[in-house]
Amino acid sequence: MTMTNTAAPAATTTSTLDLAGVSRWYGNVVAVNNVSMSLGPGVTGLLGPNGAGKTTLLHMMAGFLTPSRGAVTLDGRPTWRNPEVYRRLGLVSEREAVHSFLTAYEFVLATAKLHKLPDPQAAARRAIDLVEMADAQDRRIGTYSKGMRQRTRVAAALVHDPQVLLLDEPFNGMDPRQRLHMMELLHSLGDAGRTILFSSHILEEVEQVSGTVQVMVAGRLAASGDFRTIRRLMTNRPHVFAIRSTDDRALAVALMAETSVSGVELGRDGLTVRAGDYGAFTRMLPKVALARGIRVQQLIPEDESLESVFSYLVEA
Amino acid sequence: MSTVSWITVRGLFGRRRFLLLLPLPVLLVGLAVLSRGLGVEPTDWGPPVLVGLGLAVVLPVVSLIVGTGVLGAEIDDGTVVHVLTTPLPRSQIVLPKLAVAAGVTAVTVAVPLFAAGLLADSVRLGAALAVAASVGALAYTALFVAASLLTRRPVLLGLVYVLIWEGLLSNVVTGTRVLSIQHYVIALADRLAPTDLLATTVSVPVAAVMTALIILAATFLSIDRLRSFSVAGETS
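All of these numbers come straight from a predicted model, not from anything done at the bench. (Residues numbered from 1 in each chain as written. Chains lettered and ligands numbered in written order. Predicted model: local features only at pLDDT ≥ 70, side-chain atom pairs only at ≥ 80, totals over all residues.)

### Some details on the overall build of chain B
Then step 1. Looking only at helices and strands, chain B features 10 helices and zero strands.
Then step 2. Along its sequence from the N terminus, chain B presents helices and strands in the succession α-α-α-α-α-α-α-α-α-α.
Then step 3. With the C-alpha coordinates of chain B rotated into their principal frame, the extents come out at 60 × 35 × 25 Å.
Then step 4. Taking all 236 residues of chain B together, the buried fraction comes to 52%.
Then step 5. Restricting to contacts in chain B with at least 6 residues of sequence separation, those with at least 24 account for 77%. (Helix = DSSP H or I, 4+ residues; strand = E, 2+ residues; numbered from the N terminus. Buried ≥ 20, exposed ≤ 12 C-beta atoms within 10 Å, placed from the backbone. Contact = placed C-beta atoms within 7 Å.)

Structure (structure tokens):
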């Protein structure tokens, strides 16, 4: 297999996907509850535990489900009962269904023709190259591995170079190398001005691909934005820092005297400090250290990972 | 051939259920050849073979297999989403699929019916059966394509219509024949080649108008339901 350039061409226009007070219920079960968000250019991760309503939300965004309440619009036009939106929108659904009797090239070419692209052959080749499927493009899809089928579906979703791409669990079934390549591709598409939203319940995937997240918990939008910023807004949970310095014990004593610090633990590898206010602590620390002649060698926010943010949100 | 037609044809012939189309037409021709070979009077074997098997079983069952196969199978396995995530007006998806379904059904049914009609009476009867069956194929497949979008069990719904409504009720309660495609086909074939082998209480004008109505209503319904297609396979 040859490595190809995953750089996506820059978008000539950008698109915004808006959800305004969107709810969806099935009988008495509320799958999505009053979600509002606006997605612009860049990569956004839609995160949530299984059953949180991610797929229902994606289907409403993609025009495959009508909201019970609220509106989903792409550049101001509704996505429901409006096939015109697919000129600007691509979807990779979670379900693996692909026409197994076609080759990848036939499948992507057919999609290009359905979009009535001016040069469907060139568009199909470009999309297949983007997902590194050129070597296997003439084999029937039925003979592919799960990851190869997934990449073929991504190629079909990208063939018309959409401004908005929605992907439901796109990394399912991919091996680590394919996963890395797909992450690079999504980064590249986002950097080129496209609006990319992908759902995942695997934190590492979201953390590696996108800093911006929409977190769904039990049908509600629990948090939205950069996950580090979200963490800093959680003032009811102390921030945990790992610190190493030239004199950990003396620094521990000094920090305990500060009101912004709620706890200090002295260990063999340094200090673990709990602080209530992120900003106040990070401003205070250098002053305290300098006043006592201590040099801070390492300062790591320990619970600013997406995993910590996510677990706090789910537990809340 | 449009891309939708091409995918539909590939999908139809790429699935094993296509093999289900073969036995019934072969049985129809086989019985006609056997009856003719044994010297049985056409008045004795004509009605049960041409109508009882050909128009009451082969035509609707083949229509059901093909009609639910062109769209229902794609809805079942989820591949329909690939066609739907394109800006194609939904009519440009339904109409080619309906054309493929009606065409494949017509060829599969009209050829054996022509042969059976020829063996029973004349070229004219064979041709009349083939033409009427082709019209019936369009009506049946339009109905079954629509059923694919109305329910997640289109085959069951189709079987209820063919077996219970047409097969049972229309023989007992003659008034129900006015909603039976099978009787429209008999009326049309009998008009094209008047014969004692075909008999129905439905008049030709009623048959023609009802056939057209069913085709148009089912097609419009399919297009409208496809516009509201939900990924769960339900429409709302």
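### Section: the domain arrangement of chain A
All names here are of chain A.
Then step 1. Parsing chain A into structural domains produces domain 1 (17–226) and domain 2 (234–315).
Then step 2. On a C-alpha basis, the centres of domain 1 and domain 2 stand 40 Å from each other.
Then step 3. Every contact between the two is made by 10 residues of domain 1 and, on the other side, six residues of domain 2.
Then step 4. Among the elements of the structure, α6 (203–209), β9 (212–217) and β10 (220–226) are those that each provide at least two residues to the side of domain 1 that touches domain 2. (Domains from an automatic or database assignment.)

### Section: the sheet that holds strand β14 (residues 296–301) of chain A
All names here are of chain A.
Then step 1. A sheet is described by the order of its strands in space; here four strands give the open sequence β12-β13-β11-β14, paired in antiparallel fashion. Edge strands, defined here as strands with exactly one partner in the open sheet, are β12 (261–267) and β14. Ignoring strand direction, the axes of neighbouring strands in this sheet form an average angle of 20°.
Then step 2. Bridge count for strand β11 (residues 239–245) against β14 is five bridges, and the pairing is antiparallel. Bridge pairing in β14 links F241 to P301.
Then step 3. With respect to the sheet, helix α8 (residues 248–256) is in contact with β11, β12 and β13 (270–275), its orientation differing from that of β12 by roughly 165°. (Pairing = 2+ DSSP bridges. Axes fitted to C-alpha atoms, helices over the stretch in contact; angles between N-to-C directions.)

### Remarks on the environment of B:R124
Residue and element names in this part refer to chain B.
Then step 1. Mapping R124 onto the fold places it in helix α7 (residues 123–150).
Then step 2. Accessibility expressed as a C-beta count within 10 Å gives 14 for R124, which makes it partly exposed.
Then step 3. Between the C-alpha atoms of R124 and V162, which are 38 residues apart in sequence, the distance is 27 Å.

### A closer look at the nonpolar core
Then step 1. A:V108, A:A155, B:A133 and B:V185 are the most contacted members of the largest nonpolar core, which has 156 residues in total.
Then step 2. Sorting elements by how many residues they give to this core places α7(B) first, with 18 residues.
Then step 3. Both domain 1 (17–226) and domain 2 (234–315) of chain A contribute no fewer than three residues apiece to this core.
Then step 4. Those residues in contact with A:A155, other than ones at most four positions away along the chain, are A:V108, A:A127, A:I128, A:L130, A:V131 and A:M133.
Then step 5. Among the nonpolar cores identified, the runner-up in size contains 13 residues, and A:L251, A:L255, A:V273 and A:A275 belong to it. (Core = buried A, V, L, I, M, F, W, Y, C linked by C-beta atoms within 7 Å.)

### Points about the pairing of strand β3 (residues 42–47) of chain A
Each regular strand displays side chains that alternate between the two surfaces of the sheet.
All names here are of chain A.
Then step 1. In terms of burial, β3 is a largely internal element, five of the six residues being buried.
Then step 2. Looking at chain direction, β3 and strand β8 (residues 195–200) are connected through six bridges and run parallel. Along β8, the bridge assignment pairs G45 with F198.
Then step 3. Two elements, β3 and β9, share four bridges in a ladder whose sense is parallel. Directly across from L46, in β9, lies its bridge partner Q214.

### A look at the sheet that holds strand β1 (residues 17–26) of chain A
Residues and elements named next belong to chain A.
Then step 1. Strand order across the open sheet formed by four strands is β2-β1-β4-β5, with antiparallel pairing between neighbours. Looking at the sheet topology across the chains shown, the edges are occupied by β2 (29–39) and β5 (77–78).
Then step 2. When strand β4 (residues 69–74) meets β5, the two strands line up antiparallel, connected through two bridges. Following the sheet pairing, L74 is matched in β5 by R77.

### Regarding the interface of chain B and chain A
Then step 1. Taken together, the contact pairs 23 residues of chain B with 24 residues of chain A.
Then step 2. Taken together, the elements giving at least two residues each to the side of chain B that touches chain A come down to α1 (3–14) and α5 (80–84) of chain B.
Then step 3. In terms of residue count, the dominant contributor to the side of chain B that touches chain A is α1(B) (five residues).
Then step 4. In the side of chain B that touches chain A, the residues fall into eight nonpolar, 11 polar and four charged. (Nonpolar A, V, L, I, M, F, W, Y, C, P; charged D, E, K, R; others polar.)

### Thoughts on α1(B)
Then step 1. Look at α1(B): 16 Å from first C-alpha to last across 12 residues, which is about the 16 Å you get at 1.5 Å a residue.
Then step 2. All of the buried residues in α1(B) are B:T3, B:V4, B:I7, B:T8, B:G11 and B:L12. One face of α1(B) carries all of its buried residues, which in axial projection span an arc of 165°.
Then step 3. Those residues of α1(B) that are buried are in contact with α2 (104–114) of chain A together with α3 (42–70), α4 (72–77), α5 and α6 (91–120) of chain B. (Expected span 1.5 Å × (residues − 1). Arc of directions from axis to C-beta.)

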